[in-house]
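These are the residues of each chain, in order.
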Number of protein chains: 2
Amino acid sequence: MKFLHTSDWHLGRQFHNVSLLEDQRVVLEQIIDYLKQQPVDALIIAGDIYDRSVPPTVAIELMNQFINLVCGELQIPIILIPGNHDGAQRLGFGAEQLKQAGLHIIANFEDMLKPVVIETEQAGEVAFYGMPYNDPETVRHYYSEPASTHDDAHQLLCEKIRQQFKPQQRNVLISHCFVDGAIESDSERPLSIGGSDRVSHEHFVDFDYVALGHLHQPQKKGEEFIRYSGSPMKYSFSEQHQKKGMTLVELNRDGFVSATHIPLNAPHQMRIIEGELQQIIEQGKSDPHAHDYLLVRLMDKHAILDPMEKLRAVYPNVLHLEKPGMLIGVDQDMGKARLARGEFDMFKDFFLEAQQSDLTQEQEQAVKDVIAQLVRQDEP
Amino acid sequence: MKFLHTSDWHLGRQFHNVSLLEDQRVVLEQIIDYLKQQPVDALIIAGDIYDRSVPPTVAIELMNQFINLVCGELQIPIILIPGNHDGAQRLGFGAEQLKQAGLHIIANFEDMLKPVVIETEQAGEVAFYGMPYNDPETVRHYYSEPASTHDDAHQLLCEKIRQQFKPQQRNVLISHCFVDGAIESDSERPLSIGGSDRVSHEHFVDFDYVALGHLHQPQKKGEEFIRYSGSPMKYSFSEQHQKKGMTLVELNRDGFVSATHIPLNAPHQMRIIEGELQQIIEQGKSDPHAHDYLLVRLMDKHAILDPMEKLRAVYPNVLHLEKPGMLIGVDQDMGKARLARGEFDMFKDFFLEAQQSDLTQEQEQAVKDVIAQLVRQDEP
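Residues numbered from 1 in each chain as written. Chains lettered and ligands numbered in written order. Predicted model: local features only at pLDDT ≥ 70, side-chain atom pairs only at ≥ 80, totals over all residues. Heavy atoms only, no water.

Looking up chain A in an unreviewed UniProt entry gives the name Nuclease SbcCD subunit D, with the organism given as Vibrio xiamenensis. Of chain A, the UniProt comment under Function (unreviewed entry) reads exactly: "SbcCD cleaves DNA hairpin structures. These structures can inhibit DNA replication and are intermediates in certain DNA recombination reactions. The complex acts as a 3'->5' double strand exonuclease that can open hairpins. It also has a 5' single-strand endonuclease activity." Per its UniProt entry, chain A bears the Sequence similarities (unreviewed entry) comment "Belongs to the SbcD family." (UniProt positions renumbered as here; feature names shortened; annotations may be inferred.)

S.K.: How should the overall build of chain A be read in this particular structure?
M.R.: When you go through chain A residue by residue, the secondary structure sums to 11 helices and 21 strands. Each principal axis of the C-alpha atoms in chain A carries an extent, and together these give about 90 × 45 × 35 Å. Across the 380 residues of chain A, 51% fall into the buried class. Within chain A, contacts between residues separated by at least 24 positions form 67% of all contacts whose residues are at least 6 apart in sequence. Carbon and sulfur atoms form 48% of the exposed surface of chain A, whose accessible area is close to 17700 Å². Side-chain charges in chain A split into 35 positive and 57 negative, and the spacing between the mean points of these groups amounts to 1 Å. (Helix = DSSP H or I, 4+ residues; strand = E, 2+ residues; numbered from the N terminus. Buried < 20%, exposed > 50% of the residue type's maximum accessible area, 1.4 Å probe, protein only. Contact = heavy atoms within 4.5 Å. Areas by Shrake-Rupley, 256 points an atom, 1.4 Å probe, with all protein chains shown as cover. Lys, Arg positive; Asp, Glu negative; His and termini not counted. Charge placed at Lys NZ, Arg CZ, Asp CG, Glu CD.)

S.K.: Mind showing me how you'd approach the nonpolar core here?
M.R.: Within soluble globular proteins, side chains that are nonpolar generally end up buried alongside one another. Counting residues in hydrophobic clusters, the biggest one holds 94 residues, and the most contacted among them are Met63 and Ile78 of chain A together with Met63 and Ile78 of chain B. If sequence neighbours within four positions are ignored, isoleucine 78 of chain B has contacts with Leu43, Ile45, Phe66, Ile67, Val70, Cys71, Gly102, Leu103 and His104 of chain B. (Core = buried A, V, L, I, M, F, W, Y, C linked by side-chain atoms within 4.5 Å.)

S.K.: Whenever I open this one, the interface of chain A and chain B confuses me. Can you help?
M.R.: A common way to state how big an interface is: give the accessible area lost once the parts meet. Counting residues at the interface gives 22 residues for chain A, matched by 23 residues for chain B. Carbon and sulfur atoms supply 65% of the area buried between chain A and chain B, which totals about 2100 Å² over both sides. On the chain A side of the contact with chain B, Arg90, Phe93 and Gln97 of chain A bury the most area, a combined 35% of that side's loss. For the pair chain A and chain B, the interface holds 0 salt bridges. Put simply, chain A and chain B have 6 residue pairs in polar contact (both at pLDDT 80 or more) between them. Only helix H2 (57-73), helix H3 (88-91) and helix H4 (95-98) of chain A provide two or more residues apiece to the side of chain A that touches chain B. Per-element accounting of the side of chain A that touches chain B gives the leading share, 8 residues, to H2 of chain A. A class-by-class count of the residues in the side of chain A that touches chain B yields 11 nonpolar, 8 polar and 3 charged. (Buried area = accessible area lost by both parts, 1.4 Å probe. Salt bridge = Lys/Arg side-chain N within 4 Å of Asp/Glu carboxyl O. Polar contact = N/O pair within 3.5 Å; in protein donor to acceptor, adjacent residues only side chain to side chain. Nonpolar A, V, L, I, M, F, W, Y, C, P; charged D, E, K, R; others polar.)

Right, here's the structure in full:
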């Protein structure tokens, strides 16, 4: 039997004040196209369906269209859990009714122990257990058993689930957590502060497959069958080199067979361009992906008037600009950037660019006087 | 066939900063008890299920428990529309899947034209058409037909629905609107400003029953079969004398048979008590409903120190206090209340109450001087 493992959709996310909804729509359409051509027995979403507990209505509508197509038209069951970005109660409304139509939202501990069982010829009965994201306090409170860390909580919850195992069933776990040693990206929101969010992969070894969510880079951890699918698209510049997509998992009666990365392509990629302004503008003129979401790192050593406007003429979606070439470092104590060139030289560059002429000797002297006066005032 | 018509639940509402959720829970339990003892063929909620478009999670959980019991255990279908307080897109998530389990959320115009058809021996096929609440702009935009008022919009939408009528079916309409001439309460939020929210009952006469929501007082308008169920509990002091509950509707093959008010009783009633402080406190000591939510109108003519604290010793849920006895009216121009007694007399009362002694002659003079000075300053 085959199922698709995805996670971390973050529908409704903004990136540098730009809505990613249309990119997300295209990516979801790619998932639907895949499912139409190569039907699977289930689709898994391992948490963070939405970017926040009260998602914008446009994100809810997009998700609604997706489930209408997948559960309705294609008749492929969806099994999902809330992640740390989702609101479990809000997401879980109508869960009891929705499961009758093939949408399985596992949003509480009772449902966690009632697996979604899918029977196929190749793998017999496969039980999908969803572990809704919860902090350790909630787990401790619910079970009245000690659990101070995410690792404790996972140990406890996995133990509860293992007690439900049936000899004739293969077992899949869906969880939203940070497996110790796995690789982070910039777009994940920490589950807790100070490292107590890490869980050992050892809790998971009795399952036939573990569909993980939370980390945005696709990766396996500890075993071939313990995997993050990663997010379906990039959510930070730090992910520029990550291969985004979903994971096609195959099981048979003996358990895990294979996991295959299926690529997905958002219309705008997120990437970083480094160089001097003129050189970047030149290359932009013939860049086929000029509409990507960009972080531009300008290496020029002199001041430039309105570089954003100049860049956006060729790269319309420059979302962030860094000018490391103009800084020699950041003075930690003062919280101020120190300039690689002196104030006077910077002003001279600026004047030349703004006025298309050099400072006269008198102007030079006047600027120097003003700077000297300001620097004196600034001293303690 | 019989169905229950309710509306305006406003789950999650606050009243003078007090959560009404536990009262709402009790009222919903009364509805469930009724349904257990006298099953009906459907339950209608004519809008304003929640008090706002993003309801608190506790309200969502309460609603979720209700549908699990009614659609799940009791197997009674629920048909509902969003009202002006609800967020239609948010409420409509999963609607396509939920209807398979007997929860019919009619949240858009396509679904409006696909009635929920319930067949019974007594009435044959009954088609329930839900008209989700929308402002005229949305209706105009969706149909590209003129509609500048709620009345225009209702005319248009009723016409669209009538085109779906089938000769063998009885027709029920569910709508959330303000029928012209009906009685308002203080707890309704106006649909629009300046009277353009009124719709004529004439649009509705071709239906066999019209289950209305929006107005909180149970009432019929124009015909016996055009009715507001009213809200299941009071939501303002202005509703203190309203009989709250739901409407049991009976139809047969010829159409409307009867509408019966079924009372519901919130644990805390909202009411107004008028009188002098001492008299109210005396009666409170033996009032079996001392826990009601109260507006107290103090008729005392003299100043009283901390009357709220004194009242709450016997009536713990005094939520609002008025002191008309101390005012002779409100100066419209100045926006200030004019005192029935002079400033000096009021201060004398206050001093006596606070200090348990009269002002000395010197104190009297000092107070009079201060008042005279302040009054002079206040003059234009």
